[in-house]
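Observations on chain architecture
As a plain string of letters, each chain reads:
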Amino acid sequence: MTRKIRAAAAIALIGATALTAAGCSAGSDASSDGGKVSMTFWHNSTTGPGKAFWDQTVKDFEAKNPNVTIKVQAIQNEDLDGKLQTALNSGSAPDVFLQRGGGKMSAMVNAGQLLDISDSIGSTAKSQISDGSFKGYQQDGKTWAMPVDVNPEGIWYSQDLFEQAGIEGTPTTMEELNADIQKLKDAGIQPVAVGAKDAWPAAHWYYNFALRACSESVLNKTAQDLKFTNACWKQAGEDTKDFFDTKPFNDGYLTTAAQQGAGSSAGLVANHKAAMELMGAWDPGVISSLTPDGKPLPDLGFFPFPEVSGGKGAPGSMMGAVDGYSCSAQAPKKACTDFLNYMTEKDVQENYYKAFNAIPANKSAQSVVTEPYLKSVLEAYNKAPFVSNYLDTVYGQNVGNALNTSVVNLLAGKGSVSDIVSTVNQAAAKG
């Protein structure tokens, strides 16, 4: 995502916390008496149109709210979670920040680190953002973040490179995908880019094989008890290993980053150095920022993750997430929630789409989506019988990190399928 962009979530009570700067309790209207309010805002769009969008959005919000000043900090996606956790734990959290959801959000809620925004959601957000999008940010009957986009995952590809390899249409099964990969190899084209240096992009292959192998009920039950005992988890590992063994990835994949520079996995697709990448719907925006002219890739296409025979997952199920933003428990409530609501306004959401090439959460803004690939994403998303959030988000940071690392070890030949299951079970047992 930018990820994760990836990315969003299944997800107690927050006590009043003293505001150090404004001298009032959390949740108070710090601007009601005309006082000045300062907030900090962390996001993960460090370059290009995405960074420019947030800078302009903050500037526009400040113009409409002259008593509010927002200090913006753009943090590289792969660094964000660690820095945010440190800031939350030290009591120096930003007022507004990107919310992954899932187990990560649940831990923040349970630690009293988030502001309950349930009674501050504006009319636009209530009427134009689906209940399903909000559901990922709800826990204990309360809402803890504001959705801004939806990010279903699938495979992004170069139509030109597919044509060069003599591939007609797009694969719907793993057998067809493997056949197309061989055609690309025969044409001298690197089939699949993966930023394994960052771990999670490689692990997303396992996530999707798990979505095909495991039923919805198993995935949901595992989110509750964190016991990876069902046979489908090992089956997903076997399917992942079988795919890895076909050697589908770019040269130097273990040292390839996901989103930073022309040599990243997104950059390889952007510059026609590789034909495909498995990624969420933030990927077109990242790819656009890495093309030679900094514009959208004209031949970009999309297809859902192929079906895998013999699995228990419902056909058409997708990995996906909702990107959203939370207020920290110490944030000035009115100013912070006003900013979250401002993010959902139709014109802001339309500009968000233009900046990120991502599907806006506001349904009235989705009419501006013109790219065929995003229309393909929406079509698959609307048909999906089940959408699972990314597993490293759903199962929390400790289990998620163990899962991602063990999949990369499998890819690097340093681990086994059994190691994936045992490693995540050990991480879950540690809490």
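Residues numbered from 1 in each chain as written. Predicted model: local features only at pLDDT ≥ 70, side-chain atom pairs only at ≥ 80, totals over all residues. Heavy atoms only, no water.

1. Examining the overall build of the protein chain
To be explicit about the condition: Runs of H or I in DSSP of at least four residues are treated as helices and runs of E of at least two as strands, each being numbered from the N terminus. For a compact globule the rule gives 2.2 Å times the number of residues to the power 0.38, and the radius of gyration it is set against comes from C-alpha atoms. The rule is simple: take the accessible area with a 1.4 Å probe, protein chains only, and divide by the maximum for that residue type; under 20% is buried, over 50% is exposed, in between is partly exposed. Counted as positive: Lys and Arg. Counted as negative: Asp and Glu, with His and the chain ends omitted from the count. In this description, the location of a charge corresponds to atom NZ of lysine, CZ of arginine, CG of aspartate or CD of glutamate.
From N to C terminus, the protein chain includes 18 helices and 14 strands. In terms of overall size, the protein chain behaves like a compact globule, its C-alpha atoms giving a radius of gyration of 21 Å where 431 residues would be expected to give roughly 22 Å. Taken along its principal axes, the extent of the C-alpha atoms in the protein chain is 70 × 50 × 35 Å. In the protein chain, buried positions account for 56% of the 431 residues. Distance between charge centroids for the protein chain: 4 Å, based on 35 positive and 44 negative side chains.

2. Focus: the sheet that holds strand 9 (residues 274-280)
Note the cut-off: Only strands joined by at least two bridges in the DSSP assignment are considered to pair. Axes here mean lines fitted to C-alpha atoms, for a helix over just the part in contact, with angles spanning 0 to 180 degrees between N-to-C directions. Note on contacts: a residue pair is in contact if any heavy atoms of the two residues lie within 4.5 Å.
Taken together, the 4 strands give an open sheet; going across it, the order is 8-9-7-10, and neighbouring strands pair in mixed fashion. Of all strands in the sheet, those bounded by a partner on one side alone are strand 8 (190-192) and strand 10 (300-303). Averaged over all pairs of adjacent strands, the angle between strand axes in this sheet comes to 25°, irrespective of strand direction. Of the strand pairs in this sheet, strand 7 (residues 153-158) and strand 10 are connected by 4 bridges, and their pairing is antiparallel. Along strand 10, the bridge assignment pairs I155 with F303. Of the strands in this sheet, strand 7, strand 9 and strand 10 touch helix 12 (residues 283-290), which is tilted by about 135° from strand 9. Across the face of the sheet, helix 15 (residues 372-383) comes into contact with strand 7 and strand 10 while running at roughly 10° to strand 10.

3. Some words on the sheet that holds strand 2 (residues 68-74)
An order of 2-1-3-12-6-13 is seen for the 6 strands of this open sheet, with the pairing classed as mixed. Unpaired on one side and paired on the other, strand 2 and strand 13 (359-360) mark the two borders of the sheet. With 7 bridges joining them, strand 1 (residues 37-43) and strand 2 adopt parallel strand pairing. Among the inter-strand pairings, W42 is bridged to a residue of strand 2, identified as Q73.

4. Digging into the environment of A412
Relative to the assigned elements, A412 resides in the loop between helix 17 (396-411) and helix 18 (417-430). As for A412 and S288, which are separated by 124 residues in sequence, their C-alpha atoms are 30 Å apart.

5. With respect to the packing of helix 1 (residues 48-64) against helix 14 (residues 346-356)
Which entries qualify depends on this criterion: Convention used here: angles under 35 degrees read as roughly parallel, angles over 145 as roughly antiparallel, angles from 65 to 115 as roughly perpendicular, and any remaining angle as oblique. Here is the rule for handedness: rotate from the far helix to the near one, and if that takes an anticlockwise turn smaller than a right angle the crossing is left-handed, while a clockwise turn gives right-handed. Here the nonpolar group is Ala, Val, Leu, Ile, Met, Phe, Trp, Tyr, Cys and Pro; Asp, Glu, Lys and Arg are the charged ones; every other residue, Gly included, is treated as polar.
Where helix 1 contacts helix 14, the axes come no closer than 8 Å and their chain directions differ by 155°. Between helix 1 and helix 14, the crossing angle belongs to the class labelled roughly antiparallel. The handedness of the crossing between helix 1 and helix 14 comes out as right-handed. Of the residues in helix 14, those in contact with P49, G50, F53, W54 and T57 of helix 1 are V348, N351, Y352, A355 and F356. Here the contact of helix 1 with helix 14 is built from residues that sort into 7 nonpolar, 3 polar and no charged.

6. Some thoughts on empty space enclosed by the protein
Let me state the cut-off plainly: With a 1 Å grid spanning the protein atoms alone, the term cavity applies to any set of points in which a 1.4 Å probe fits but cannot get out, the term pocket to an open set with protein on both sides within 12 Å along at least five of seven lines, and the term lining residue to any residue with an atom within 4 Å of a point. Grid points are joined across faces, edges and corners, and a volume is the space filled by probe spheres set on the points.
Size it by volume and the second largest cavity reaches roughly 30 Å³. L211, C214, S215, E216, L219, G313, A314, S317 and F386 together form the lining of the second largest cavity. Split by residue class, the lining of the second largest cavity holds 5 nonpolar, 3 polar and 1 charged.

7. Concerning the pairing of strand 1
Inclusion rule: Here a crossover is taken to be right-handed if, once the strands point away from the viewer, the path from the first strand over the helix to the second is traced clockwise.
Of all 7 residues that make up strand 1, 5 are buried, and the element is covered over most of its length. Handedness of the crossover is the feature at issue here: the chain leaves strand 1, passes through helix 1, returns alongside strand 2, and the resulting connection is right-handed. Bridge analysis of strand 1 against strand 3 (residues 96-99) gives 2 bridges, and the strand direction is parallel. Within the sheet, the bridge partner assigned to F41 lies in strand 3 and is V96.

8. Some thoughts on the state of the cysteines
Applied cut-off: By convention in this document, the label disulfide applies to cysteine sulfur atom pairs within 2.5 Å.
Tallied over the entire structure, the rule returns 2 disulfides. C214 shares a disulfide with C232; S-S distance 2.1 Å. Between C214 and C232, the S-S dihedral sits near 100°, and the bridge is therefore right-handed. Taken together, the residues span a long stretch of sequence, with C214 in the loop between helix 8 (200-213) and helix 9 (216-225) and C232 in helix 10 (residues 231-244) at a distance of 18 residues. Among the residues examined, C214 registers a relative accessible area of 1% and is labelled buried. If one numbers only the bonded cysteines of the protein chain, in the order they occur, the disulfide pattern is 1-2, 3-4.

9. Thoughts on helix 7 (residues 174-186)
Test applied: Here the expected span of a helix is defined as 1.5 Å times the quantity of residues minus one. Think of the arc as the fan of directions from the helix axis to the C-beta atoms.
Helix length check: helix 7, at 13 residues, gives a terminal C-alpha distance of 18 Å against a target of 18 Å (1.5 Å per residue), a fit within 8%. By the burial criterion, the buried members of helix 7 are M174, L177, D180, I181 and L184. Taken down its axis, helix 7 places every buried residue within 120° of arc, on the same side. Helix 7 presents E175 and D186 as exposed residues on the side facing more than 90 degrees away from its buried surface. Downstream of helix 7 by one or two residues, G188 has phi in the positive range, about 75°.

10. As for the confidence of the model for the protein chain
Using the following cut-off: pLDDT is a per-residue confidence score from the predictor, ranging from 0 to 100.
Chain-level statistics for the protein chain give a pLDDT mean of 90 and a share of 92% at 70 or above. Contacts for the low-pLDDT stretch residues 1-33, under 50 throughout, to residues beyond four places or in other chains number 116 contacts.

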